[in-house]
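Structural description and commentary
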Amino acid sequence: MAILVCGGAGYIGSHTVHALLERGEKVVIVDNLQTGHLEAVNPAAIFYMGDIRSDATLEKIFTENQIEAVIHFAANSLVGESVQNPLKYFNNNVGGMQVLLEAMVKFGVDKIVFSSTAATYGEPEKIPISETDATNPTNPYGESKLIMEKIMRWVSRANDIRFVSLRYFNAAGALESGEIGEDHTPETHLIPLILQVPLGKRDHITIFGDDYPTPDGTCLRDYVHVMDLAEAHILALNYLRNGGSSEIFNLGSGRGFSVKEIINAAEKVTGRKIKTEIGTRRVGDPAQLIASADKATKILSWTPKFSSVEKIIADAWNWHKNHPAGYKS
Ligand code: UFG
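These figures come from a predicted structure and were not determined experimentally.

Cut-offs applied
- Residues numbered from 1 in each chain as written.
- Predicted model: local features only at pLDDT ≥ 70, side-chain atom pairs only at ≥ 80, totals over all residues.
- Heavy atoms only, no water.
- Near = heavy atom within 4 Å.
- Polar contact = N/O pair within 3.5 Å; in protein donor to acceptor, adjacent residues only side chain to side chain.
- Areas by Shrake-Rupley, 256 points an atom, 1.4 Å probe, with all protein chains shown as cover.
- Helix = DSSP H or I, 4+ residues; strand = E, 2+ residues; numbered from the N terminus.
- Nonpolar A, V, L, I, M, F, W, Y, C, P; charged D, E, K, R; others polar.
- Pairing = 2+ DSSP bridges.
- Axes fitted to C-alpha atoms, helices over the stretch in contact; angles between N-to-C directions.
- Parallel < 35°, antiparallel > 145°, perpendicular 65-115°, else oblique.
- Left-handed = near helix turned anticlockwise from the far one by under 90°.
- Contact = heavy atoms within 4.5 Å.
- 1 Å grid on protein atoms, 1.4 Å probe; cavity = no way out; pocket = protein on both sides within 12 Å on 5 of 7 lines; lining within 4 Å.
- Points joined across faces, edges and corners; volume = space filled by probe spheres on them.
- Salt bridge = Lys/Arg side-chain N within 4 Å of Asp/Glu carboxyl O.
- Buried < 20%, exposed > 50% of the residue type's maximum accessible area, 1.4 Å probe, protein only.

Around the ligand lies a shell of 20 residues, among which Leu-190, Thr-206, Arg-221, Arg-282 and Asp-285 are the nearest. Here an oxygen atom of the ligand sits 3.3 Å away from a polar atom, N or O, in the main chain of Thr-188. At a separation of 2.8 Å, an oxygen atom of the ligand approaches a polar backbone atom of Leu-190. For the ligand, whose accessible area on its own is 690 Å², the fraction buried by protein is 91%. For the shell around the ligand, the elements supplying multiple residues, two or more each, are helix H6 (190-195) and strand S8 (205-208). No other element matches S8, which puts four residues into the shell around the ligand. Split by residue class, the shell around the ligand holds twelve nonpolar, five polar and three charged.

What follows is the structure, encoded as structure tokens:
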């Protein structure tokens, strides 16, 4: 039996595939390579280039392989783009989930682990954020992921399907060996953008606002190492295998770091001075996003092992230094 990883050529998907293969799992990947990279596809996995919105593609995959469970990463994930083009997000993210679940029901595949996000909460009502807190997304990306969770909830009540939804906070870092890492176009995430300065690809990093109600005035985020996220998917898969019921879990380190603290840590790791400029606030950025991951610790026995800021930045730096143009270098 194999695990079908939808979006296994993307950032978090490729790292999870690596972890699954290390555990001896058989892996089948489907990815349309719209944002994923062929170079990130692990050669030890069976790969289908295709779109999960195509029922014919899924029919072929489910017919040709014995799929035990699905881990679903295939989605668009840029907050800004989702505000400009909401229909792209509802078509690809929500539409993809619908077709995928239809195929799972048809072929009797009863377990799905889903890549969700802190963006489902919107402006937090309290810190740290718990899974029971209100969900009021402030952008179509977060809304699409919340709708996808709700679709799974309804389908799990009507059909023999159980799901685990993992709401990541700020995913960062790379595989320690530097074989795979983060490569987004456009890149919008803080750590890869900071590292473009010591790489000589960018003159400075703009800090989006230093007048927030936080200790140094810059936003606090909860950074979690991509390999800790990968491990959580494996724990979630085994939880479902052991008969666990459908659940939602936050994944974060439980600690908040400011934009300035991340820049200071990047200077230490790279040994280079990083020039900064203070810019205006980015629309929609909450002052703080910090997870309570107590539920994942209690129920999945998940504890982040690599999520110190130094380790996250050191692994990201190792990847970017050796792949300054991402997978194209
Ligand atoms: N930032 C800067 N300058 C930059 C880029 C980012 O100051 O050039 C700041 C942002 O304002 C924010 C922090 O760095 O305070 C982190 O920004 P990222 O874009 O790296 O990440 P976000 O916190 O915006 O995004 C995360 C997840 C998304 C999720 C979102 C929910 O990566 O998937 O939280 O708000 F949608």
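What follows concerns the sheet that holds strand S12 (residues 257-258). Spatially, three strands are ordered S12-S9-S14 in an open sheet, and the strand pairing comes out mixed. The sheet terminates laterally at S12 and strand S14 (288-289), the two strands that pair on one side only. The pairing of strand S9 (residues 220-221) with S12 spans two bridges and is classified as antiparallel. For Leu-220, the partnering residue across the bridge sits in S12 and is Ser-258.

Another point: the packing of helix H1 (residues 11-22) against helix H7 (residues 226-241). Orientation of H1 relative to H7, taken along the N-to-C sense of each, is 60 degrees, at an axis distance of 8 Å. In this view, H1 runs oblique relative to H7, as classed from their interaxial angle. Of the two possible hands of crossing, H1 and H7 adopt the one that is right-handed. Of the residues in H7, those in contact with Tyr-11, Ile-12, His-15, Thr-16, His-18, Ala-19 and Leu-20 of H1 are Val-226, Met-227, Leu-229, Ala-230, His-233, Ile-234 and Leu-237. For the contact of H1 with H7, the residue count by class is ten nonpolar, four polar and no charged.

For the rest of this paragraph, the subject is the sheet that holds strand S4 (residues 67-72). Across the sheet, which stays open at both edges, the seven strands sit in the order S3-S2-S1-S4-S5-S6-S11 with parallel pairing between neighbours. At either margin of the open sheet sits one strand with a lone partner, and together these are strand S3 (46-49) and strand S11 (247-251). Here the strands of the sheet are splayed against their neighbours by 20 degrees on average, with no regard to which way each runs. Both strand S6 (residues 162-168) and S11 contribute to a ladder of five bridges, which runs parallel.

With that settled, the discussion passes to the layout of surface pockets. If you add up the space inside the second largest pocket, you get close to 230 Å³. Around the second largest pocket, the lining is made up of 16 residues, and of these Glu-22, Arg-23, Leu-175, Met-227 and Phe-306 lie nearest the centre. Looking at the lining of the second largest pocket, the elements that each hand over two or more residues are H1, H7 and helix H10 (309-322). Along the lines of polarity and charge, the residues of the lining of the second largest pocket split into five nonpolar, three polar and eight charged.

This structure, assessed with the given rule, holds 19 salt bridges. Note that Arg-241 and Glu-25 form a salt bridge whose closest N and O atoms lie 2.8 Å from each other. Note that Arg-241 is positioned in helix H7 and Glu-25 in the loop between H1 and strand S2 (26-31), a separation of 216 residues in sequence. On the basis of relative accessibility, which here comes to 29%, the residue Arg-241 falls in the partly exposed class. The residue Lys-295 makes a salt bridge to Glu-247 at a minimum N-O spacing of 2.7 Å. Taken together, the residues span a long stretch of sequence, with Lys-295 in helix H9 (residues 294-300) and Glu-247 in strand S11 at a distance of 48 residues.

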